[in-house]
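Survey of secondary and tertiary structure
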Amino acid sequence: MKLSRRMFGGLAVSSLAVPHAAMAEDVDLLEAQRAALFGTSSEFNAGMSLVADRGQPDLAAGFILMLPFARNRGPRMAEVLATITGKDYGTDWFQWMLWQERTPEIVPHESYAPLLRELYLRIDPEFSDFLRLEHLDRNKARIRIEEITWGGVVKDGIPSLDNPDLIEASAAEYMRGDDLVFGVSINGDARAYPLRIMGWHEMFNEVIGGVPVALAYCTLCGSGILFETQVQGRSAPMVFGSSGFLYRSNKLMFDRGTHSLWNQYTGEPVVGPLVGSGIALNQRPVVITTWDSWKASNPTTKILSVNTGHRRNYGSGVVYQDYFGSPDLMFPALVDQRAHQQKDYVFAVRQFGAARAWPLKAFEKRSVLNDAIANTPLLLIGDAKKRSVRAYERGARTFRATAGGLQDDTGATWRVGENGLVGPDGTTLPRVAGHISYWFAWDNYLGDAATVYEG
């Protein structure tokens, strides 16, 4: 098959960073793959034959990338995938993605990055901000670029809320008492962000109690994490948005200064100019609880207004209703389900040089757990029905819940606060940052490097 050199997303194929001797073959293979979506019938058939005859699995990533868009060409592409991989999942993109996650030893061909770039720039030209070829080099990226998937929206298609309007608790007539909120209190500044609103926006950039922060909420992995956005060495706080891309069913957020892609779960840049910078966002405590509960413990709280500047249905139980009510994932991610189901909730802490998770069901019969992460003793206070857990350092003390409140092993009663536990003599035990998450996200990102409470 004679193939011409074309332009891909504004980048000439002849400028690819590949060995000169391999250039002709690389151009042919790139053309053969792109013909699957963009070629004529004869180009498509010729391309499929070239790839099948070559018989190497390094081109599988490109076909998996294109499979959801293939329409009536999908069955033939699936046949070629089976030929070059020895596996047969038909046109089931979900299963092919899981296969790809299980086979990290298969390195995609050099043609994969420009193919990915061209396809996604046809969806949204602004994706060019994230998908520059110099940053899609697998030796630079901190994630496997073949596992970056499109979430179905364009850049900022899920719009962040930047310094949104807040109202007094008494004015929040739209709220039901059992509606869940993200509760944040910093330096006495208490605020509530309802999940029924944040599910549509997945990000806010705010200054709370004088501290610049962003809440990164990945609805797909059930995780809302509060990050400090003032990073040492940078003059202004970072501002984040939703890129429209996912990695293992977790959102990739981006900073508006450099357009680097960040892992929402770890708070670290994974693709782009900031990779290798050593930047990792610090976490701040955040709790999920009911609106009634948050108001009772934080009577001066403000709450997010429904006047966000966007037209959305902010009704109770509307956003992601089907997904939250299903045991299934919307996007592929491998998960060990021997002990926990993929959408079981856990409370996750990554502090003190370690990571540990507590299944939310551990709080169904008790509200207080005395445990530890690494060598740091922790107290966890939880309510499974409210999806609510707070963690505190406890030192050498052991606590229990009594009719009179939270007591330590001397019988002293402590007050539970958003910033810490306060003893009768004024001693304060600090709060520890953590967040709720679906099990699959914890297992997928930190399963091998973390521990899980099994009590």
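Residues numbered from 1 in each chain as written. Predicted model: local features only at pLDDT ≥ 70, side-chain atom pairs only at ≥ 80, totals over all residues. Heavy atoms only, no water.

Attention now moves to the overall build of the protein chain. Along the backbone of the protein chain there are 10 helices and 29 strands. Over its C-alpha atoms the protein chain spans a radius of gyration of 25 Å, differing by no more than 12% from the 23 Å that the globule rule assigns to 455 residues. Each principal axis of the C-alpha distribution contributes one length, and for the protein chain these read about 80 × 45 × 40 Å. Here the protein chain holds 455 residues, and 55% of them are scored as buried. Restricting to contacts in the protein chain with at least 6 residues of sequence separation, those with at least 24 account for 62%. Taken as a whole, the protein chain presents about 19200 Å² of accessible surface, with 47% of it coming from carbon and sulfur. Averaged over its 46 positive side-chain charges, the protein chain has a centre that lies 2 Å from the centre of its 50 negative ones. (Helix = DSSP H or I, 4+ residues; strand = E, 2+ residues; numbered from the N terminus. Rg over C-alpha atoms; globule rule 2.2 N^0.38 Å. Buried < 20%, exposed > 50% of the residue type's maximum accessible area, 1.4 Å probe, protein only. Contact = heavy atoms within 4.5 Å. Areas by Shrake-Rupley, 256 points an atom, 1.4 Å probe, with all protein chains shown as cover. Lys, Arg positive; Asp, Glu negative; His and termini not counted. Charge placed at Lys NZ, Arg CZ, Asp CG, Glu CD.)

Tracing the backbone shows Pro 57 in the loop between helix 2 (41–54) and helix 3 (60–66). Distance in space between the C-alpha atoms of Pro 57 and Ile 123 is 27 Å, their sequence separation being 66 residues. For Pro 57, the residues in contact, after removing those within four places along its chain, are Ile 84 and Ile 106.

In terms of residue burial, helix 10 (residues 439–446) counts as a mostly covered element, since 8 of its 8 residues are buried. Those residues of helix 10 that sit buried are Trp 439, Phe 440, Ala 441, Trp 442, Asp 443, Asn 444, Tyr 445 and Leu 446.

This paragraph deals with the side chain of Asn 444. On the secondary structure map, Asn 444 appears in helix 10. A polar contact is formed between the side chain of Asn 444 and the backbone oxygen of Leu 334, at a distance of 2.4 Å. Residues in contact with Asn 444, not counting those within four places in the same chain, are Glu 101, Arg 248, Ala 333 and Leu 334. (Polar contact = N/O pair within 3.5 Å; in protein donor to acceptor, adjacent residues only side chain to side chain.)

What follows concerns the sheet that holds strand 21 (residues 376–383). Pairing in this open sheet of 8 strands is antiparallel, and the strands run 20-21-22-27-26-25-24-23 from one edge to the other. Two strands in the sheet have a free side with no partner beyond their single neighbour: strand 20 (368–373) and strand 23 (399–402). Ignoring which end each strand starts from, the neighbouring axes of this sheet average 35° apart. Of the pairings in the sheet, the one linking strand 22 (residues 388–393) to strand 27 (residues 428–432) comprises 2 bridges and is antiparallel in character. Bridging from a neighbouring strand, Tyr 392 pairs with Arg 431 of strand 27. (Pairing = 2+ DSSP bridges. Axes fitted to C-alpha atoms, helices over the stretch in contact; angles between N-to-C directions.)

If you walk through the whole model with that rule in mind, you get 18 aromatic pairs. Where Phe 182 meets Tyr 217, the ring centres are 5.0 Å apart and the plane angle is 75°; that geometry is what we call edge-to-face. Of the two residues, Phe 182 sits in strand 6 (residues 180–186) while Tyr 217 sits in strand 9 (residues 211–218), which places them 35 residues apart along the sequence. No difference in accessibility class separates Phe 182 from Tyr 217, as the two residues are buried. Residues Phe 347 and Trp 358 carry aromatic rings whose centres are separated by 6.3 Å and whose planes lie at 45° to one another, so their mutual orientation is tilted. Residue Phe 347 is found in strand 18 (residues 345–351), and its partner Trp 358 is found in strand 19 (residues 354–359); the two are separated by 11 residues along the sequence. Look at Phe 347 and you get buried, because its relative accessible area is 2%. Here a set of aromatic residues connected by ring pairs shows up, and it is made of Tyr 320, Tyr 323, Phe 324, Tyr 345, Tyr 438 and Phe 440. Taking the ring centre of Phe 38 as reference, the NZ or CZ of Arg 122 above it sits at 3.8 Å. (Phe/Tyr/Trp six-rings, centres within 6.5 Å; stacked < 30°, edge-to-face > 60°. Lys NZ or Arg CZ within 6 Å of the ring centre and 35° of its normal.)

What follows covers the pairing of strand 20. Sheet analysis places strand 20 next to strand 21, joined by 6 bridges and oriented antiparallel. Bridge pairing in strand 21 links Val 368 to Ile 381. Linking strand 20 to strand 21, which pair antiparallel, is a turn of 2 residues; within it Ala 374 sits at a positive phi near 55°.

Quick look at the nonpolar core now. Ranked by internal contacts, the top residues of the largest apolar core, which has 69 residues, are Met 77, Leu 131, Phe 440 and Trp 442. Core analysis: the next-biggest nonpolar cluster, separate from the first, contains 46 residues, Tyr 174, Val 181, Val 389 and Ile 436 among them. (Core = buried A, V, L, I, M, F, W, Y, C linked by side-chain atoms within 4.5 Å.)

With mixed pairing, the 5 strands of this open sheet are ordered in space as 4-8-9-10-15. Two strands close off the open sheet at either side, each with one partner strand: strand 4 (161–162) and strand 15 (283–284). Pairing of strand 9 with strand 10 (residues 223–228) involves 6 bridges; the strand directions are antiparallel. Its bridge partner being in strand 10, Leu 215 is matched across the sheet by Leu 226.

What follows deals with unusual backbone geometry. The backbone phi angle of Arg 71 is positive, close to 55°, even though this residue is not glycine. Turning to its location among the elements, Arg 71 is positioned in the loop between helix 3 and helix 4 (74–85). Residue Arg 71 is classed as exposed on the basis of its relative accessible area, which comes to 78%.

Okay, the pattern of salt bridges next. Taken as a whole and assessed by the stated rule, the structure comprises 26 salt bridges. Salt-bridge contacts for Glu 146 lead to Arg 138; the nearest nitrogen and oxygen are separated by 3.7 Å. Arg 138 gets classed as partly exposed once you look at its relative accessible area, which sits at 35%. Connected through shared salt-bridge partners, Glu 101, Arg 138, Arg 144, Glu 146, Glu 147 and Arg 248 make up one network. (Salt bridge = Lys/Arg side-chain N within 4 Å of Asp/Glu carboxyl O.)

With respect to burial, strand 21 is a largely interior element, 6 of its 8 residues being buried. Connecting strand 21 to the next strand, strand 22, in antiparallel fashion are 4 residues, including Arg 387 with a positive phi near 55°.

The subject of this paragraph is helix 6 (residues 112–123). In a regular helix each residue adds 1.5 Å, so 12 residues correspond to 16 Å; helix 6 covers 17 Å between its end C-alpha atoms and thus fits that length. Taken across its 12 residues, helix 6 has 10 buried, putting it largely inside the fold. Those residues of helix 6 that sit buried are Tyr 112, Ala 113, Pro 114, Leu 115, Leu 116, Arg 117, Glu 118, Leu 119, Tyr 120 and Leu 121. (Expected span 1.5 Å × (residues − 1).)

Running from N to C, helix 2 and helix 4 cross one another at 15°; their axes reach a closest spacing of 9 Å. The orientation of helix 2 with respect to helix 4, classified from their angle, is roughly parallel. Regarding helix 2 and helix 4, the two cross each other, and that crossing is left-handed. Here Phe 44, Met 48, Ser 49, Val 51 and Ala 52 of helix 2 lie close against helix 4, whose contacting residues are Arg 76, Met 77, Val 80, Thr 83 and Ile 84. (Parallel < 35°, antiparallel > 145°, perpendicular 65-115°, else oblique. Left-handed = near helix turned anticlockwise from the far one by under 90°.)

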